[in-house]
Each structure stands twice: as structure tokens, then as C-alpha cells.
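Single-letter residue listing:
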Amino acid sequence: MSTTTTKSILLEATAIEAGYGASQVLFGIDVRVGAGEVMALLGRNGMGKSTLLKVLTGTIAPMRGGVQFCGAAIGGHRPDAIARRGMAIVPEGRHVFPNLSVDEHLRAFARPRPGSAPRWTVEALYKLFPRLSERKANAGNQLSGGEQQMLAIARALSTHPRLLILDEATEGLAPVIREEIWHCIATLKSEGEAILVVDKYVQRLLPLADRHVILERGRVVWQGDSAALDADRSLWTRYLGV
Ligand SMILES: Nc1ncnc2c1ncn2[C@@H]1O[C@H](COP(=O)(O)OP(=O)(O)OP(=O)(O)O)[C@@H](O)[C@H]1O
């Protein structure tokens, strides 16, 4: 079900205004992600998606507006404090360590979620990404782009996030590798993980996301479920350049 009730809201950003110095990029953004929900953030290049993610994850502080995560106000908090509360972002560009092996990546950052048995053990992560288990001993700089992306996602999962954010996770990957990432997202969804995904492959997001939010010049111009987005192709041409 796509509707979120007050009780199940995991992340809620309200009336967010943000930008860089004097240049304002976001103008009153309201978004929410419910527990177990996959939310897609869409929009053409430069419309403010990454800036919104920076606000949510604490990389930049909002000029105005608030962010609530798991019931606590986190707007303007530092990225490490927000990460400790259970928000994990896989940023655009992967960011794996060149000299750490795959196995070391997955063990070094692992953190259980307080009060529950660890779901994403190293073994479970290798099951999710069999390619990584074949590359256990390889260093980050010996991996292909797709393998680095998988490792970045697996490393984020090893921290047992309450919300996983994927920023352009399929960017620049070969179609077959993209499919592996989609498959991974589908598995995570079926396991009840909450995910906020930014990606330009709208067609592929339709079966995966419960809800879609479209940004245009720093404002939310449309939001709805996959059936509504699928049915109105004028949104695709007007706002997504598809
Ligand atoms: N560090 C920065 N300093 C100044 N302006 C920035 C900075 N980063 C982004 N911008 C500007 O903010 C606006 C929104 O960019 P943002 O990266 O949030 O868009 P986006 O929707 O994520 O697009 P893309 O897919 O290209 O990353 C753009 O006009 C961009 O030029």
C-alpha cells in the first residue's frame, strides 16, 4: 500500500528551502517515506534531487524547513550523526576504498541495528550479490564499475540502515549489470527495507517503487503511485524528458 500513516512515517521533510550560498535551489519541498516503502525521486538534471538528498543526509543544512527521521528532528545535523540514526546513502560515484578488499569493506563498516538480530551478515550480502562473493579478496580498485556499485550498496546494508538512499545507482552501468541492481532493489523491497531511490530509468522503477515524487526547478510538481505515473505519459514528457 502506498499511503503512509502518521504512525509509519520514517522520514518526513517539511517546507525545505536550501541551496548553495546565495543561490537557492529548493523552494518548499515536502516529502515523506513510510516504513517499508520504496520512494522514487524523479526529475531532469539540475532540478534539485541531489540537493534534497544532501539536506536529508546532513551534507548541507536547510535554510528553512525541518526533517524528521524515526521521530527525531535531524534537520541540520551532521552526516555522521544522521548515519548513526540509521540513514545510509550510496552516493553517486560509488566511493569504494581502492586498497580495501571486498571482504574488508563488508566487515569494516558492519553495524547491527540495536535490538534486532543482524539481517545483513556478510554471508547474506554475498547471497544478495553473488558476484561479490567471487571477488572477496579483490581490492576496490580491481573491481568493475558494476561490482563497485554492488559493493557500495552491500556496505551500506551492512550498517543495517532504517532507510537506504540510492543516488543514481545504475548510472553508467551496462544493461545486464543495471538489471542486477534492479533485482537487488526488488529483493530488498520484498524484505521490507525502506528505500529512497533517485534514478532516471522511470520505466524500470514502475514495478519497484510504491510512490514517485517529481521535482521541477526545486519544487514538487507531482507525486503519486506507479499506476498513476504509468497512466499519464504527459508527465514523462513534461517533467522527465522521456
Ligand atoms: N555545490 C554546488 N554549488 C552551487 N550550485 C550547485 C552545487 N551543486 C548543485 N548546484 C546547482 O543546484 C541545482 C540543482 O542541482 P542538483 O545536483 O541538486 O540537481 P539534480 O536534480 O540532482 O541533477 P543531477 O541529476 O544533474 O545531479 C543546479 O542548478 C546545480 O547547478
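Residues numbered from 1 in each chain as written. Predicted model: local features only at pLDDT ≥ 70, side-chain atom pairs only at ≥ 80, totals over all residues. Heavy atoms only, no water.

Naming follows an unreviewed UniProt entry, where the chain appears as Branched-chain amino acid transport system ATP-binding protein of Variovorax boronicumulans. Under Sequence similarities (unreviewed entry), UniProt gives the following word-for-word description of the chain: "Belongs to the ABC transporter superfamily." (UniProt positions renumbered as here; feature names shortened; annotations may be inferred.)

**Some words on helix α1 (residues 49-57)**
Summarising burial for α1: seven of the nine residues are buried, a large majority. Along α1, the residues that are buried comprise Lys-49, Thr-51, Leu-52, Leu-53, Val-55, Leu-56 and Thr-57. Where α1 ends, the next residue or the one after it, Gly-58, has phi of about 90°, a positive value. (Buried < 20%, exposed > 50% of the residue type's maximum accessible area, 1.4 Å probe, protein only. Helix = DSSP H or I, 4+ residues; strand = E, 2+ residues; numbered from the N terminus.)

**Some thoughts on the site of the ligand**
Taken together, Tyr-20, Val-25, Arg-44, Asn-45, Gly-46, Met-47, Gly-48, Lys-49, Ser-50, Thr-51, Lys-54 and Glu-168 make up all the residues around the ligand. Within the side chain of Asn-45, an N or O atom sits 3.3 Å from an oxygen atom of the ligand. One of the side-chain nitrogen or oxygen atoms of Lys-49 is found 2.8 Å away from an oxygen atom of the ligand. Across the complex, the protein chains shield 59% of the 620 Å² of accessible surface that the ligand would expose by itself. The biggest single contributor to the shell around the ligand is α1, with four residues. Of the residues that constitute the shell around the ligand, the class distribution is three nonpolar, five polar and four charged. (Near = heavy atom within 4 Å. Polar contact = N/O pair within 3.5 Å; in protein donor to acceptor, adjacent residues only side chain to side chain. Areas by Shrake-Rupley, 256 points an atom, 1.4 Å probe, with all protein chains shown as cover. Nonpolar A, V, L, I, M, F, W, Y, C, P; charged D, E, K, R; others polar.)

**Comments concerning the pairing of strand β7 (residues 163-167)**
With five of five residues buried, β7 is to be regarded as a mostly interior element. Residues Leu-163, Ile-165 and Asp-167 point to one face of β7 and Leu-164 and Leu-166 to the other, with burial holding for every one of them. Judged from the four bridges that link them, strand β6 (residues 87-90) and β7 form a sheet pairing that is parallel. Bridging from a neighbouring strand, Ile-89 pairs with Ile-165 of β7. Pairing of β7 with strand β8 (residues 194-198) involves five bridges; the strand directions are parallel. Across the sheet, Leu-163 pairs through a bridge with Ala-194, a residue of β8. (Pairing = 2+ DSSP bridges.)

**Focus: the environment of Gly-65**
Note on placement: Gly-65 falls in strand β4 (residues 64-69). With a relative accessible area of 43%, Gly-65 lands in the partly exposed category. Each C-alpha atom, one on Gly-65 and one on Arg-32, is 13 Å from the other, the two residues being 33 residues apart in sequence.

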